[in-house]
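As a plain string of letters, each chain reads:
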Amino acid sequence: MAVVRLGTCGALQPGTLGKILVPAEGCVLVHRNPDAFIDSEGEGLSPYLISRPVLPHPTLCDNLVSELQNTLPAGLDGLRCGINCTTDSFYSSQGRTSNAFDDRNENLVQQVMEEIPNAVSFEMETFQLLHLASCSKGTIAAAACAIGLAERANNEFMSPKQLVEMEEAAGKAAIDALVGFDLSKTEL
């Protein structure tokens, strides 16, 4: 089985709004550490944990990048590769602050960028897909990409029209990458 995820994400690097962000270098899980929030027992524990990266299938990911270069109007300039950060929450684990919750996440985005300077995106699905594939004993090949819908540094957003255009181009590239991936000759 081969799977390519196409979704949307928050873009972490300046200048990546509206680009396709590919976790060619892997994907980490950024998640809230519940133990850190238990009264006195959680003292000294980090409120958020960052996993080690899990990698996409190299051939399928290379196919995806190649098809994106061929399909996107901006070609190579329309995409950026790096590490994706999948989070367990749209709010706390992506560094969105709120006075209504004890999230202790005021410096989380800065921490992520210091620990993973090539982090390109925040979203909520890719890590689990790549992790499942890595645990499949070779029966699943997985890769992913996401449209940089919002740039976190300046809080800018793509227009709905731009999003539709990118969904169509990236969707075609994802399908073409899957069609070009030979399951019979490639050891997963």
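Residues numbered from 1 in each chain as written. Predicted model: local features only at pLDDT ≥ 70, side-chain atom pairs only at ≥ 80, totals over all residues. Heavy atoms only, no water.

Looking now at unusual backbone geometry. A positive phi is found at R104, a non-glycine position, where the angle reads about 50°. Topologically, R104 is positioned in the loop between β6 (83–87) and α2 (108–115). Here K137, not a glycine, exhibits a phi torsion of approximately 55°, which is positive. Here K137 is to be found in the loop between α3 (126–134) and β8 (141–151). (Helix = DSSP H or I, 4+ residues; strand = E, 2+ residues; numbered from the N terminus.)

Glancing now at the pattern of salt bridges. Scanning the model with the defined rule gives 5 salt bridges in all. The closest approach of N and O atoms between D176 and K172, which form a salt bridge, is 2.6 Å. Residue D176 and its partner K172 are located together in helix α4 (residues 160–179), separated by 4 residues, close to a single helical turn. By relative accessible area, which is 24% here, D176 ends up partly exposed. Residue classification places K172 among the partly exposed positions, given a relative accessible area of 46%. Shared partners join several salt bridges into a network, and the residues in it are R5, E123 and E125. (Salt bridge = Lys/Arg side-chain N within 4 Å of Asp/Glu carboxyl O. Buried < 20%, exposed > 50% of the residue type's maximum accessible area, 1.4 Å probe, protein only.)

One can describe the packing of helix α1 (residues 58–71) onto α4 by two numbers: an axis separation of 8 Å at closest approach and a directional angle of 140°. For the element pair α1 / α4, the angle class is oblique. Relative to α4, the crossing made by α1 is right-handed. Facing L60, N63, L64, E67, L68 and T71 of α1, the residues of α4 in contact are A169, A170, K172, A173, A174, D176, A177 and L178. (Axes fitted to C-alpha atoms, helices over the stretch in contact; angles between N-to-C directions. Parallel < 35°, antiparallel > 145°, perpendicular 65-115°, else oblique. Left-handed = near helix turned anticlockwise from the far one by under 90°. Contact = heavy atoms within 4.5 Å.)

Moving on, we get to the side chain of N84. On the secondary structure map, N84 appears in strand β6. Note on N84: relative accessible area 3%, which makes it buried. Here the side chain of N84 touches S121 through a polar contact of 2.6 Å, side chain to side chain. Those residues in contact with N84 that lie beyond four places of it in its chain are P23, G26, C27, V28, S121, F122, E123 and T126. (Polar contact = N/O pair within 3.5 Å; in protein donor to acceptor, adjacent residues only side chain to side chain.)

On to the nonpolar core, then. I20, V22, L64, L68 and L72 are the most contacted members of the largest nonpolar core, which totals 23 residues. For this core, the secondary structure elements donating two or more residues are β2 (20–22), α1, β8 and α4. Tallying contributions element by element places α4 first for this core, with 7 residues. Membership of the second largest hydrophobic core comes to 13 residues, among which are V30, Y48, C85 and L108. (Core = buried A, V, L, I, M, F, W, Y, C linked by side-chain atoms within 4.5 Å.)

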